[in-house]
Amino acid sequence: MKLPISWLREYVTFDLPPVELARRLVFTSCEVDRVVGRGVPDSDGNLGLFLVGKVLEAEKHPNADRLQLTKVDVGEGEPRSIVCGAWNFGAGATVAVALPGAVLPNGLRLERREVRGEISDGMILAEDEVELGTDHSGIMLLGAEYEPGTPLVDVLPLVDTVLEIETGYNRPDLTSVYGIAREVSALLDIDLAPQPGREPTRVSDEPVDVRIEDFERCPRYIGRLFRDVRIADSPPWLKARLLGAGMRPISNVVDVTNYVMLALGNPLHAFDHAKLAEGRIVVRRAGEGEKIRTLDGTERTLTHEELVIADAEHPVAIAGIMGGEDSEVTAETETVLLEAANFEQLGVLRSGERLHLRSESQTRWEKGVAPELAEQAAVYATELLVALAGARWTGHTDVRAEFPERPSMRLRPARAEEVVGISIPEAEQRQRLRRLGFDVSPEWDVRSPAWRARDVRREIDLVEEVARFRLDDVPPTLPVRREMYGRLTRDQRLRRAVEEVLVGSGFFEAYTYSLQAHDPGPDALALPEPLSELQRVLRTTLFYGLAGAARNNVNAGNENVALFEVAHVYLPRAGDLPDEPWHLGGIVQGDFFRAKGAVENVFGALELEPRFERAPHPFIPSPACASVQGGWAAELDPRLLEGQWAAFELDLEELFAQVPDRILYEDVITYPAVRQDLAFSVPENVTAGDLVAAAREAAGPELREMRAFDVYRGEQVEPGRKSIAFAVRFQSAERTLSDEDATRLRDAIVQALGKRFDASLRA
């Protein structure tokens, strides 16, 4: 949410610099991501070069058909000659002027210059040139009451500071300017202005036909009818407010609904009443397969789970999310039906996810807007529609169900001090709560305001409300440790050993989301209420999160990426909760052997011997893949990640079960080793690992090492066979082996491999 400081100051008066205000709000109320300036640069007297002007003369430029040559009085005695390309004004117009030397928001510095043979001594401004709107088709026209030479900053909001606030948590009151103002009032202990909006006079009592069929999903619907509405552009101040808040101005009626939503936090919607069949509003569930074309131009197919606003014939809006094209307010609209309703949060959330929609109103409904807020929003919107669109308010209805009771609880001031750890006077506690809208009795019975009824329901919640404004005073000390119990478990020690060996191997630890867009596991658990389509399934593998992290690193320009993660995966099992085993996953730039080497290092740290076997990958296309105890290692298909990549994943619980509780070390062998190279011709499907295992069994402990270092396929080997070369080391702990001993051991290996695998010794 973008919050213009000038708007905030309408509700609370303060002198605190915006940067300091942002710092204190971060500690007490909400995250402030940035503090940014917008509008005309306010430095070196620049604002003094923007003035109100009165056009004295306006005629066609003698040397250009599309330009006007004007004389403009800016309060200096002598009028200035200004060339202008707009034609929506003439002599007598009051305009906004920037003098030579002025710097515009886009950084352009104006100069006195010659245009087609005529001097232009300034610029008559359009709204987009000072960030007061998006229109560049004509210049801004000001009220005739302003005197030439009046500083433009006294007439228009030329400069402002904007707080960019993070609204990701369930505090709907913090999605409105007035809600933030309430926080500032409590923070600085200053008065808060009354909620904006004063009820104008209703000129008649026309009936407004509103019917609610689902009070659970829509507990309140206020409908107000307006006639003789004049659709036009909003005034510059309103456009500037919306742009500063990050919204695009559209027309006065639509802008009013957005402005009130930003001001008070209750979304509104405006219908062209003449386009509603029988002028009726029905709040109901959609029929299965019913269709609506929404304001974004997309035809959407609805289910019975969607709540819609319908007329007598068909849906005209998806409740709380987006209106329909058939009933939108256009330049021809003369009669408007204003909707100030309340919609149940989970229904809006589910419909938005099913329909892949996201809107400003939906963001607020999902956090749980109180039904009590709709009335003041309707009042404020009515006041603005009458003032800005010349509308006549002619009809009103308020259809509602019983509202839930606001929570009441008892606060013990001494308990608050005990929890926070500092002294907080009772008068201060009472004042903070009252400024936040809580009703506090002399006996400390506290009642939550409607906009906090969902999250303040217990005494400890009230303690938090008191404490958060004194966090700066809480000393940054750790609790005194009087006793210490416990130690790392066996699995925790082993997990740390795995992490350390991978860091030592050049890997960086990654943390990825447990929730993913999809998962290859056939039994992957999908959330019934996902936050988004990108986080709808609990992962059954770490691979996809690591692949995404690797892709982000490559996009950022990083090279030689090597990442690992030790985390839970989530597998289905009988009962309500999934099985959550610990897995180790890794991804690395390079071929299969980089991943295999990392796995070997992990096994070595755990004092285990890896046994790799050729295997198809369980869920990704892979040109090379091997299974190993508890997992796999594979080279990745380039379609998954561009370039050469490899990955691995191990089930740590399965792996740790094989780790011996006690490691027995042998003395260092001081007798020399006999080294030989042996090459065997074997059928194509025989693996090096199978040959090594059989050789160890045949030769016994005197075969200390047998490592494959070459594989050959070619003319010197029969078709359907391959040659695997091994580096072999024979060594005894008791004596020096003779050549005869080495020959005996080699013959035993050759005989065993020939018998089991049809292997023949080539060299």
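Before any of the text, the structure's been laid out above.
How each quantity is defined
Residues numbered from 1 in each chain as written. Predicted model: local features only at pLDDT ≥ 70, side-chain atom pairs only at ≥ 80, totals over all residues. Heavy atoms only, no water. Helix = DSSP H or I, 4+ residues; strand = E, 2+ residues; numbered from the N terminus. Polar contact = N/O pair within 3.5 Å; in protein donor to acceptor, adjacent residues only side chain to side chain. Contact = heavy atoms within 4.5 Å. Buried < 20%, exposed > 50% of the residue type's maximum accessible area, 1.4 Å probe, protein only. Pairing = 2+ DSSP bridges. Axes fitted to C-alpha atoms, helices over the stretch in contact; angles between N-to-C directions. 1 Å grid on protein atoms, 1.4 Å probe; cavity = no way out; pocket = protein on both sides within 12 Å on 5 of 7 lines; lining within 4 Å. Points joined across faces, edges and corners; volume = space filled by probe spheres on them. Nonpolar A, V, L, I, M, F, W, Y, C, P; charged D, E, K, R; others polar. Lys, Arg positive; Asp, Glu negative; His and termini not counted. Salt bridge = Lys/Arg side-chain N within 4 Å of Asp/Glu carboxyl O. Expected span 1.5 Å × (residues − 1). Phe/Tyr/Trp six-rings, centres within 6.5 Å; stacked < 30°, edge-to-face > 60°. Lys NZ or Arg CZ within 6 Å of the ring centre and 35° of its normal.

Draft legend 1. Representation of the side chain of Asp651. Structurally, Asp651 is set in strand 34 (residues 645-651). For Asp651, the side chain forms a polar contact with the main-chain nitrogen of Glu653, separated by 3.0 Å. Ignoring sequence-local partners within four residues, the contact set of Asp651 consists of Pro581, Trp582, His583 and Gly630.

Draft legend 2. Broad picture of the environment of Leu388. Among the secondary structure elements, Leu388 is positioned in helix 8 (residues 373-389). Note on Leu388: relative accessible area 25%, which makes it partly exposed. Through-space distance from the C-alpha of Leu388 to that of Asp233 is 9.3 Å; in sequence the pair is 155 residues apart.

Draft legend 3. Up close: the sheet that holds strand 21 (residues 336-342). Read across the sheet, four strands follow the order 14-21-13-22 without closing on themselves; strand pairing throughout is antiparallel. The open sheet has two edge strands, strand 14 (269-272) and strand 22 (392-400), and neither has a second partner. Here the strands of the sheet are splayed against their neighbours by 20° on average, with no regard to which way each runs. As judged from the seven bridges shared by strand 13 (residues 220-227) and strand 21, these two strands associate in the antiparallel manner. Bridge pairing in strand 21 links Arg224 to Leu338. Docked against the sheet, helix 8 engages strand 13, strand 21 and strand 22, running at close to 10° with respect to strand 13.

Draft legend 4. Here's a closer look at helix 11 (residues 459-467). Taken across its nine residues, helix 11 has seven buried, putting it largely inside the fold. The complete set of buried residues in helix 11 reads Glu459, Asp461, Leu462, Val463, Glu465, Val466 and Ala467. In this fold, the buried residues of helix 11 make contact with strand 23 (408-410), helix 9 (413-420), helix 10 (426-435) and strand 25 (445-447).

Draft legend 5. Spotlight on the layout of surface pockets. Looking at the largest pocket, its volume works out to about 1,400 Å³. For the largest pocket, the lining is made up of 33 residues, of which Lys596, Phe612, Ala688, Gly689 and Ala708 are closest to its centre. Contributions of two or more residues to the lining of the largest pocket are made by helix 14 (592-605), strand 31 (613-614), strand 32 (624-628), helix 16 (688-699), strand 36 (703-712) and strand 37 (721-730). Considering every element that reaches the lining of the largest pocket, the biggest residue donor is strand 36, with eight residues. The computed volume of the second largest pocket comes to approximately 800 Å³. In this structure, the second largest pocket is lined by 30 residues; those nearest its centre are Val254, Asn258, His269, Leu295 and Gly323. At the level of secondary structure, the elements contributing two or more residues to the lining of the second largest pocket comprise helix 5 (252-264), strand 14, strand 19 (315-318), strand 20 (322-323) and helix 7 (360-365). By residue number, the principal contributor to the lining of the second largest pocket is helix 5, which donates four residues. In terms of residue class, the lining of the second largest pocket is built from 17 nonpolar, eight polar and five charged.

Draft legend 6. Representation of the side chain of Asp160 in the model. Position of Asp160 among the secondary structure elements: in strand 11 (residues 159-166). An unpaired buried charge is present at Asp160: no salt bridge exists, and Arg241, the closest side chain of opposite charge, is 5.3 Å distant. For Asp160, the side chain forms a polar contact with the side chain of Ser6, separated by 2.5 Å. Once you skip the residues sitting within four places of it in the chain, Asp160 turns out to touch Pro4, Ile5, Ser6, Val36, Gly37 and Arg38.

Draft legend 7. The arrangement of helix 13 (residues 543-555) in detail. Its 13 residues place the ends of helix 13 18 Å apart at the C-alpha level, agreeing with the 18 Å of an ideal helix rising 1.5 Å per residue. Every buried residue of helix 13 is listed here: Phe543, Gly545, Leu546, Ala547, Ala549 and Ala550. The secondary structure elements touched by the buried residues of helix 13 are strand 27 (515-516), strand 29 (562-568), strand 30 (582-589), strand 33 (631-635) and strand 34. A positive phi of about 90° marks Gly557, the residue just after helix 13.

Draft legend 8. A look at empty space enclosed by the protein. Throughout the structure, instances matching the rule amount to three cavities of 30 Å³ or more. Roughly 140 Å³ of volume is contained in the largest cavity. Along its surface, the largest cavity is lined by 17 residues, and Pro172, Asp173, Leu264, Leu373 and Trp451 are the ones closest to its centre. In terms of residue count, helix 3 (residues 177-188) provides more of the lining of the largest cavity than any other element does, three residues in total. When grouped by side-chain class, the residues that make up the lining of the largest cavity number nine nonpolar, five polar and three charged. Quantified by volume, the second largest cavity comes out at close to 50 Å³.

Draft legend 9. Seen up close, the packing of aromatic side chains. Inspection of every chain in the model, using the stated rule, returns 10 aromatic pairs. When the centroid spacing of 6.4 Å and the interplanar angle of 65° are considered together, the rings of Phe543 and Trp632 count as edge-to-face. Here Trp632 lies in strand 33 and Phe543 lies in helix 13, a separation of 89 residues in the sequence. We classify Trp632 as buried; its relative accessible area is 9%. Ring centres of Phe592 and Phe593 lie 5.4 Å apart, and the angle between their planes is 80°; this geometry places the pair in the edge-to-face category. Looking at Phe592, the relative accessible area reads 11%, which means it is buried. For Phe593, a relative accessible area of 59% corresponds to the exposed category. Grouping aromatic residues by their ring pairs yields a cluster made of Trp7, Trp237, Tyr259 and Tyr380. Taking NZ or CZ as reference, Arg430 lies 4.1 Å from the ring centre of Trp444, over its face. Over the face of the ring belonging to Trp582 we find Arg495, whose NZ or CZ atom lies 4.0 Å from the ring centre.

Draft legend 10. Geometry of the sheet that holds strand 25. Spatial ordering of the open sheet is given by 23-25-24, a layout of three strands whose pairing is antiparallel. In this open sheet, the two strands that pair with only one neighbour each are strand 23 and strand 24 (439-440). Two strands pair when backbone bridges link them, and strand 24 and strand 25 are joined in this way by two bridges, in the antiparallel orientation. Bridging across to strand 25, Asp439 finds its partner in Arg447.

Draft legend 11. Representation of the pairing of strand 37 in the model. Strand 37 sits mainly inside the fold: 10 of its 10 residues count as buried. The two faces of strand 37 match: Arg721, Ser723, Ala725, Ala727 and Arg729 on one face and Lys722, Ile724, Phe726, Val728 and Phe730 on the other face are all buried. Where strand 35 (residues 674-683) meets strand 37, 10 bridges bridge the pair, whose relative direction is antiparallel. When the bridges of strand 37 are listed, Asp677 appears paired with Ala727. As paired strands, strand 36 and strand 37 are joined by eight bridges and run antiparallel to one another. Note that in strand 37 the partner of Asp710 across the bridge is Ala725.

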